[in-house]
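Below are the chains, spelled out letter by letter.
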Amino acid sequence: IPWGICVLLLVLATVMWNGWRTSVAQVAHAEQQWVDLFNGPDPAARILAAKALGDFGPLRSSTLEKLRLGAKDANPNVRVASLSALGKHAAECRWMQPEVLNIERVDDNPDVRHQAGLVVETMKHASSSLSVTRVLLWLILLAIGSGLAAGGWSLWQRLKPIAAS
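If you're wondering where the values come from, they're calculated on a predicted model, not measured in any experiment.

1. What to know about the overall build of the chain
- When its secondary structure is counted, the chain shows six helices and zero strands.
- Taken from the N to the C terminus, the helices and strands of the chain come in the order α-α-α-α-α-α.
- Put simply, the chain has 165 residues, and 29% of those count as buried.
- Residue pairs in contact within the chain that sit at least 24 positions apart in sequence constitute 63% of those at least 6 positions apart.
- A total of about 10,500 Å² of accessible surface is found on the chain, and carbon and sulfur atoms cover 67% of it.

Printed below as a string of C-alpha cells:
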C-alpha cells in the first residue's frame, strides 16, 4: 500500500507539473503585456498597469525594476501606484527598502510619502512571513520524502526474498 501511494503521488506531481508549466508561460506573457503598457506615455494606463502588476504572483526582477523606476516618475499618481505594487511584492523586493525609505523622506508629494511609508513597513514584516513559508515548504517536502523512502523500503523488504532466490 505505501508503494501504491508513492506511485499515485508521482503521477499527480507529473500532471501538476505539466499544468504548472503552461500556466507559468501564460502568466509571463500577461505580465509582459502589462509591463509594455506600463512603459507607455499615458499616465492613466501606467497607473492601471501598476495596479495590475501588483495583483500578479511573483514578478520577474526586470518587472520589479520597472516598478522601482515608476516610483520616481514625474507623475505623483504613477509614483503612488508603483509604490503600492511594490508593497504587494515586498518579500521579492526587500532590497529596495533603503530607496523607498529615501522616497518617504524626500518626495515633494504627501501621498507619495505616505505610500512609501506603508511600503517600508510592509517590507520590514515581509521577511518573517517569508521565512515561515519556507519552513512549511521544507516540512512538506520532508514529509513527502519520508513517505517515498518508507514506500521504497517496504517494497525492498518484500522483493528481497524474491531476489535472493
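2. Thoughts on the nonpolar core
- Ranked by size, the top nonpolar core spans 27 residues in total, and within it Leu67, Leu83, Met96, Val100 and Met123 carry the most contacts.
- When residues of this core are traced back to their parent elements, those giving at least two are helix H1 (2–38), helix H2 (43–54), helix H3 (61–70), helix H4 (76–88), helix H5 (97–106) and helix H6 (110–164).
- Looking at which element gives the most residues to this core, the answer is H6, with six residues.
- Beyond its immediate stretch of four places on either side in the chain, Leu83 contacts Ala71, Val100, Ile103, Val112, Gln115, Ala116 and Val119.

3. Brief notes about the pattern of salt bridges
- A full pass over the atoms with the stated rule returns nine salt bridges.
- A salt bridge links Glu65 to Arg68, with the shortest nitrogen-to-oxygen separation between them at 2.3 Å. Pair noted here: Glu65 and Arg68 are both in helix H3, with a separation of three residues, about one helical turn.
- On the basis of relative accessible area, Arg68 is assigned to the buried category, the value being 15%.
- When salt bridges with common partners are traced through the structure, they connect Glu65, Arg68, Lys72 and Glu99 into a single cluster.

4. Observations regarding the environment of Asn109
- Tracing the backbone through its elements, the reader meets Asn109 in the loop between H5 and H6.
- With 30 residues separating them in the primary sequence, Asn109 and Arg79 have C-alpha atoms 9.7 Å apart.
- Setting aside its immediate chain neighbours within four residues, Asn109 contacts Pro76 and Arg79.
- Of the polar contacts made by the side chain of Asn109, one reaches the backbone nitrogen of Asp111; its length is 2.8 Å.

5. Focus on the confidence of the model for the chain
- Model confidence for the chain is summarised by a mean pLDDT of 84, while 84% of its residues fall at 70 or above.
- Mean pLDDT values for the elements of the chain range from 73 in H1 up to 96 in H4.

6. Describing empty space enclosed by the protein
- Here the structure, examined in full by the defined rule, presents one cavity of 30 Å³ or more.
- Taken together, Arg68, Ala71, Leu86, Met96, Glu99, Val100 and Ile103 make up the lining of the largest cavity.
- Broken down by element, the lining of the largest cavity gets its largest block of residues, three residues, from H5.
- When the residues that make up the lining of the largest cavity are grouped by side-chain class, the tally is five nonpolar, no polar and two charged.

Cut-offs and rules
- Residues numbered from 1 in each chain as written.
- Predicted model: local features only at pLDDT ≥ 70, side-chain atom pairs only at ≥ 80, totals over all residues.
- Heavy atoms only, no water.
- Helix = DSSP H or I, 4+ residues; strand = E, 2+ residues; numbered from the N terminus.
- Buried < 20%, exposed > 50% of the residue type's maximum accessible area, 1.4 Å probe, protein only.
- Contact = heavy atoms within 4.5 Å.
- Areas by Shrake-Rupley, 256 points an atom, 1.4 Å probe, with all protein chains shown as cover.
- Core = buried A, V, L, I, M, F, W, Y, C linked by side-chain atoms within 4.5 Å.
- Salt bridge = Lys/Arg side-chain N within 4 Å of Asp/Glu carboxyl O.
- Polar contact = N/O pair within 3.5 Å; in protein donor to acceptor, adjacent residues only side chain to side chain.
- pLDDT = per-residue confidence, 0-100.
- 1 Å grid on protein atoms, 1.4 Å probe; cavity = no way out; pocket = protein on both sides within 12 Å on 5 of 7 lines; lining within 4 Å.
- Points joined across faces, edges and corners; volume = space filled by probe spheres on them.
- Nonpolar A, V, L, I, M, F, W, Y, C, P; charged D, E, K, R; others polar.

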